[in-house]
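Results of the structural survey
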Amino acid sequence: MTQLPSYYKFWHKLGHYSLKFGAWSVLFFLILPILVIIPLSFNAEPFFSFTRGMVTLDPDSYSLRWYNNIVTNDNWLLAVKNSFIIGIFSTIIATILGTLAAVGLSSQYMPFKRVIMLIILSPMIVPLIIVAAGMFFFYTKFNLAGSFAGLVIAHSALGIPFVIITITATLSGFDRTLYFAGLSSGASPVRSFVDIVVPIIRPGVISGAMFAFITSFDEVVVVLFLAGPGQRTIPRQMFSGLREQINPTILAVATLLIAISVIFLVTLEVLRQRSNRLRGLEGHN
Amino acid sequence: MSDSSVNKANAVNNDADAMSAQGYALSKKEMGFARREIRRHKLLAFSLVVPLLLFLAFAFIAPIGSMLHQGFYNPVVNDLVPETLSTLKEWDGKAQPNDIVLNAMAKDLKRLALTRDSGKFSAEINRYLPGSSSVIKSSARKLKRAEDADLADNGAQLLLAANDAWSKPKIWRSIQQAGNIYTDRNYLTALDLERNQSGEIIVRESAQVYMKLYTKTLKLALIITLLCLLFGYPLAYYLANAPSKKANLLMILVMLPFWTSLLVRTTAWIALLQTNGVINTLLLSVGIISEPLELLYTEFSTIVAMTHILLPFMILPLYSVMKGVDPSYFRAAMSMGARPIGAFIQVYFPATLPGLSAGALLVFIISVGYYITPALVGGTDGQMISNIIAFHMQQSNNWSLAAALGSLLLVLILALYWTYDKFIGASNIKLG
Amino acid sequence: MNKKIILAASAVSFMMLAPFKGFAADSLNVISFGGAYGAAQKEHMLDPYTKKTGNKILFEDYSGGIAEIKAQVTANNIQWDVVDIEVIDLERACSEGLLEVIPRDILAAGDDGTPAKDDFIESALANECGVGNIVWTIVYAYNEKTVGSNLPATMADFFDTKKIPGKRAMRKRPQVNLEWALIADGVARADVYKVLATDEGLARAFAKLDTIKGDIVWFDSWSQVPQLLNDGGAVLAQSANGRIFDAIKKENKPFKMIWDAHVYDLDVWAVVKGSKKKELAFDFISFATGTKPLSGMPDVAYGPTRKSSMKLVDPKVIPDLPTSHLEKGVKADGIFWADYGETLGEKFNEWLLK
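A brief structural summary. The structure presented is a predicted model; accordingly, all values stated were derived computationally and were not measured. (Residues numbered from 1 in each chain as written. Chains lettered and ligands numbered in written order. Predicted model: local features only at pLDDT ≥ 70, side-chain atom pairs only at ≥ 80, totals over all residues. Heavy atoms only, no water.)

**Description of the interface of chain B and chain A**
Counting residues at the interface gives 100 residues for chain B and 94 residues for chain A. With its nearest N and O atoms 3.1 Å apart, the salt bridge here joins R114 of chain A to D421 of chain B. At the junction of chain B with chain A, the criterion picks out 8 residue pairs in polar contact (both at pLDDT 80 or more). If one sorts the elements of the side of chain B that touches chain A by residue count, helix 2 (residues 28-72) of chain B sits on top with 22 residues. Here the residues of the side of chain B that touches chain A sort into 69 nonpolar, 23 polar and 8 charged. (Contact = heavy atoms within 4.5 Å. Salt bridge = Lys/Arg side-chain N within 4 Å of Asp/Glu carboxyl O. Polar contact = N/O pair within 3.5 Å; in protein donor to acceptor, adjacent residues only side chain to side chain. Helix = DSSP H or I, 4+ residues; strand = E, 2+ residues; numbered from the N terminus. Nonpolar A, V, L, I, M, F, W, Y, C, P; charged D, E, K, R; others polar.)

This is how it looks when you write it as structure tokens:
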């Protein structure tokens, strides 16, 4: 590098340190609110704030009572069960329909690609309140409101864009000649699809499915409008808890949800790296 | 659409051309074969997408269509008082209608009171003429006890005796208007407009609520977008220029909030900001403040929580664009004597614009339609347009108005989405 | 591998679904107000009912009002079966066809043999859509620790921010707030609803509310009140008396109730029109309004609606029951609110946005 005048060096350094400071402050802003919840969920008092005893690490100020609350409360248990049921079924539908469509969409022969893409991705963009209101009007005509089927259909639609995005992304680096090489070496189209394309999109399918699951698992607006008492989900339960009676049980649930997100995040990171390796890309893209 | 069919034709020719360019001399027959083959591929590709499109048509598009319809369509009054409405057709619209109309109304009201539908009727009329709900309900309550024979003879007198408001044309005009099955009224209301007595569209005289709320929503969304930019840009820059191992590790800190439930993050802000929350307790114990600050349930808390929630959507596209910008340009510019700031503005910043606009548009689009966070931390000040839609859906049960407000919001969002697609491409949305 | 995952996932979810289905099929959805009151109902009504009959109950909270019931009935999408509803809303809900008529012959005689129609207090069976459950009241309360040196005593004090500075927590709806504003402005308790029915009276009520508008903290659900008082979120708070009683008795909170111009009312059990489990709902109501279950309500200082239950009440609790303070109170007028609820609700929301 060319020698810079000394006053540049000073400004350069200042710039460097203030950038570093700024970046770390933003990182703290991102992560601290989430971390704060975890110790608070072990609070022995029914408050959302640190007690004196917690700060001095007095073991009596910590307790598992709020976790115990979840396990002994029928409504929470039902919500957990419902969240998984709705999440799993909508993930299956979204993944199957999404994978087929993504393969079609990444074909160079796909007609009206741009318009179709725009439609398929729109559930991600249209505000949930509009989706929820519309579904309430429409689904009640088919007796789908207040039913598991209705929620599964709704959540599938919301999860589909994520499946499409992740799979088309894995296919974007895919070297099509591999597929044709398979064809020309005598394999049937189906055979070469299963042998060549499937292994490549598999990480995309799995991460798309995870996105679809978490979308359903976290969704609350549609649930607010469509679900009856029998279909309450975790976020729905949290929503009404936060509106009505603020209670550290919610913090305990939140902590468990954070643990789930960490697991998902790590899995995805592993998948992404593997996908990059498979597609011959290096490191971070 | 015509564009895409041209492209399609080109694609066919290009493929055939490409094949011949590769050194194959194609006969006419072979060209025909190639075209058929391409058509077959197209059909195959399209048929893979069809199930999804059908599913979305039912699960997603039709519901939105039925919302648009709900904004125009309201048969309730027409179904409830058909007789009164048909007698009202002859009315000149000026003075008190004649006894035939009044008799029909009295009869209808008694019937409605007995079938417990008077509330439905009064709620509809009340939307046209605020205050008329109590007139209708108390009249219905009185007429419920009247004998049928008595009603037939002097229903008009009984009605007028029940409430004086029936002698004024106002309420009748409202019933007439509410009797229309299709109406643009809800859309007008959503735009703070109304029709005057001669049917011209004018600016609504009473409260100007919704335009103010739309403006406020856009203002909040803009503030949040700018804050995300302000926070996201330096962090993305720092991450993009950090050694890749460190960047990958720090990226997890960005992705964790992204993957954490929205409600968890909102809960966190409630814990931090409430009167006895973490921030107030901290500030009090350090002695910076002597009384807890009012942080939660304000516009401020809405902005902070939403900035936190949407920040990753800004960082991800910025980061991926910045990774692609070669830092040596920047250095080269400096070594040629440009000041760092000048070099940054002239060289680096323009190169990051694609990521910046992608992130900013996405954050803006998402925040315009946000519901949950303002509902939970916004109090009365921090409410956005989605919250008033939810209010009309769940509290005031004015579904047609909710649908009209929702349709306007949808138009706004689709315009933004179209812009996004035009400049960035919808399929380029970053998920990490 | 994918197929395996999908298969495993479906297997798991079917396993989860299987026990669930049986659970959902015959469970009755009962909706009430949660908090201490909900806990008392669960202990004395729901749990004994499930124990006796084996019928499962899903117990849910709401924050009152008729909007949710109305949405379900209008959309013909009935999710709730039994609802605990305030009489101030009952008349309106019933006259708008949102509730089933409850036949009186389902009601059991008192444990002492008194026939139901003589055992219930009169107002408990006044509306054909409901069966009285409790007598309760809306008071305001303060926290001794945060109120300062001047102690409130009257309704006028609630509106006097000079005498008692600080936030006031109020339920976000016109009911009771408008009544209180008029009383604080000098209207006699007996004339409140007469005055409120006039335009001038209404303007007067809103003008009085305007004087404290900047100091009001709005809440939706009664269960938020103890927390608001405890946290210092509000210095004075409107509350259902039972919530404050519970916080004082069970958690030793330094709260005090002001009985001046309390607005007393009944809560009733009602059945949402079109409920698919109407008969089961009636069966539950018949059980829940029996002598024994009702006698548990004074746990949270709400009066039972049966004379035979009153005999079982611990005499120590009686001074805390609303019925011991009727001479200072106003009876909530359900008919007024049936006629004016819609109109005033709208005016109230407009006023809030101003």
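There's more to say after this.
**Thoughts on the nonpolar core**
Grouped together as the largest cluster of nonpolar side chains are 198 residues, with contacts concentrated most on I164 and M238 of chain A together with I372 of chain B. Structurally, this core is a two-domain feature, drawing no fewer than three residues from each of domain 1 (2-72) and domain 3 (210-428) of chain B. Counting residues in hydrophobic clusters, the runner-up holds 114 residues, among them V30, A288, A301 and V317 of chain C. (Core = buried A, V, L, I, M, F, W, Y, C linked by side-chain atoms within 4.5 Å. Buried < 20%, exposed > 50% of the residue type's maximum accessible area, 1.4 Å probe, protein only. Domains from an automatic or database assignment.)

**Description of the packing of helix 6 (residues 118-128) of chain B against helix 7 (residues 132-143) of chain B**
Residue and element names in this part refer to chain B. Running from N to C, helix 6 and helix 7 point in directions that differ by 155°, and their axes come no closer than 8 Å. If you check the angle between helix 6 and helix 7, you find them roughly antiparallel. As helix 6 runs across helix 7, the sense of the crossing is right-handed. Side by side, helix 6 and helix 7 meet where S118, G119, F121, S122, I125 and N126 of the first sit next to S132, S133, I136, K137 and A140 of the second. Of the residues assigned to the contact of helix 6 with helix 7, the class counts are 4 nonpolar, 6 polar and 1 charged. (Axes fitted to C-alpha atoms, helices over the stretch in contact; angles between N-to-C directions. Parallel < 35°, antiparallel > 145°, perpendicular 65-115°, else oblique. Left-handed = near helix turned anticlockwise from the far one by under 90°.)

**A look at the state of the cysteines**
All names here are of chain C. What the rule picks out here adds up to 1 disulfide over all chains. Between the sulfur of C94 and that of C129 lies a disulfide, 2.0 Å long from S to S. Looking along the S-S bond of the C94-C129 disulfide, the torsion reads about 60°, which is the right-handed sense. Note that C94 is positioned in helix 4 (residues 87-95) and C129 in the loop between helix 5 (116-119) and strand 4 (130-143), a separation of 35 residues in sequence. A relative accessible area of 3% means that C94 is categorised as buried. Judged by its relative accessible area of 0%, C129 is buried. (Disulfide = S-S within 2.5 Å.)

**Some words on helix 11 (residues 210-241) of chain B**
The end-to-end C-alpha distance of helix 11 of chain B, which contains 32 residues, comes to 46 Å, matching closely the 46 Å that a straight helix rising 1.5 Å per residue would cover. Bending of helix 11 of chain B peaks at approximately 30° at the position of G232 of chain B, with proline P234 of chain B no more than four residues after it. (Expected span 1.5 Å × (residues − 1). Bend = angle between axes of the 7 residues up to and from the residue.)

**Considerations on the packing of helix 4 (residues 74-105) of chain A against helix 2 of chain B**
It is the contact of helix 4 of chain A with helix 2 of chain B, at a shortest axis distance of 7 Å, that shows an interaxial angle of 145°. Every pair of crossing elements has a handedness; the one defined by helix 4 of chain A and helix 2 of chain B is left-handed. Side by side, helix 4 of chain A and helix 2 of chain B meet where I93, L97, L100, A101, V103, G104 and L105 of chain A of the first sit next to A45, L48, V49, P51, L52 and F55 of chain B of the second. Its residues placed into classes, the contact of helix 4 of chain A with helix 2 of chain B shows 12 nonpolar, 1 polar and no charged.

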